[in-house]
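The chain contents come next:
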Amino acid sequence: FFFFFFLVFFFFFFSSSFIGLQGVRVCLVSSVRVEGEDRMVVRLRLARFGRYKFPFYRIYAADHRAPRDGKHLEILGHYDPIPQKDGNKHVGLHIERIKYWLSVGAQPSKPVARILSKAGILPTLPERQHANQGVSKKTLKDLEAEDG
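About the cut-offs
- Note on numbering: residues in each chain are counted from 1, in written sequence order.
- Whole-chain, interface and lining totals are the exception, using all residues; otherwise, since this is a predicted model, local features are given only for residues with pLDDT of at least 70 and side-chain atom pairs are given and counted only at 80 or more.
- Heavy atoms throughout the structure, all of them, feed into the side-chain values; hydrogens and water do not.
- Pairing between strands requires that DSSP locate at least two bridges from one strand to the other.
- Helix numbering and strand numbering both begin at the N terminus, where a helix is a DSSP run of H or I of at least 4 residues and a strand a DSSP run of E of at least 2.
- Residues count as neighbours in contact if any of their non-hydrogen atoms are within 4.5 Å of one another.
- In this analysis, rings of Phe, Tyr and Trp, with Trp reduced to its six-membered ring, are considered paired at centre separations within 6.5 Å, and the interplanar angle assigns stacked below 30 degrees, edge-to-face beyond 60, and tilted for intermediate values.
- Two limits define a charge over a ring: the Lys NZ or Arg CZ must be within 6 Å of the ring centre, and within 35 degrees of the ring normal.
- Note on exposure labels: buried denotes an accessible area under 20% of the residue type's maximum, exposed denotes more than 50%, and partly exposed covers the range between, all computed with a 1.4 Å probe on protein chains only.

**Focus: the pairing of strand β1 (residues 42-51)**
Argument step 1. Examined bridge by bridge, β1 and strand β2 (residues 54-63) share 10 bridges and lie antiparallel to one another. Bridging from a neighbouring strand, L46 pairs with I59 of β2.
Argument step 2. Here β1 folds back onto β2, and the loop between the two strands holds 2 residues, one of which, K53, carries a positive phi near 65°.
Argument step 3. Pairing of β1 with strand β5 (residues 107-108) involves 2 bridges; the strand directions are parallel. Looking at β5, one finds that R43 is bridged to Q107.

Laid out in structure tokens, this is it:
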């Protein structure tokens, strides 16, 4: 293989001066792949649309290096975080395509994983626990006084 590459390079490099192509560079790309370089990590994530204070998100599959609202591979659904008149946050999902992307190794972001777990596609995630959620400051002071 390397001998063939050398012959082709030698032919193009020295034949260009005979043909009258001085200053033209020939770039040959070998077909040798480095393991792990050709793999693209696909993420399932949200892209923000809408206007100021009224967000609307699309759920899509994209390369992990692409910007948030940049190039995507496929749109997989939408998510409206603002409750409508019926009091619900609306979500639309293409379930078959989402299952396909998950089966080929796509990794959902945390918000998308939460949406998919509520839809029943992924196993339920543990609820986020805030340290002092629902506890008044007075009760916190009383608890600190008892401990200290």
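Here the narrative resumes, following the displayed structure.
**Here's the deal with the side chain of S109**
Argument step 1. Note on placement: S109 falls in the loop between β5 and α3 (110-119).
Argument step 2. Beyond its immediate stretch of four places on either side in the chain, S109 contacts R43, L44 and R45.

**Some remarks on the packing of aromatic side chains**
Argument step 1. For the structure on display, the rule yields 2 aromatic pairs.
Argument step 2. With 6.3 Å between their ring centres and 25° between their planes, Y57 and Y79 make a pair best called stacked. Here Y57, found in strand β2, pairs with Y79, found in strand β3 (residues 74-80); they are 22 residues apart in sequence, far enough to count as distant.
Argument step 3. On the basis of an interplanar angle of 70° and a centroid distance of 5.4 Å, the ring pair of Y100 and W101 is categorised as edge-to-face.
Argument step 4. Above the face of the F49 ring, R58 is positioned so that its terminal group lies 4.4 Å from the ring centre.

**Focus: unusual backbone geometry**
Argument step 1. One non-glycine residue with positive phi stands out, namely K53, at about 65°.
Argument step 2. Within the secondary structure layout, K53 lies in the loop between β1 and β2.
Argument step 3. Since its relative accessible area comes to 59%, K53 is described here as exposed.

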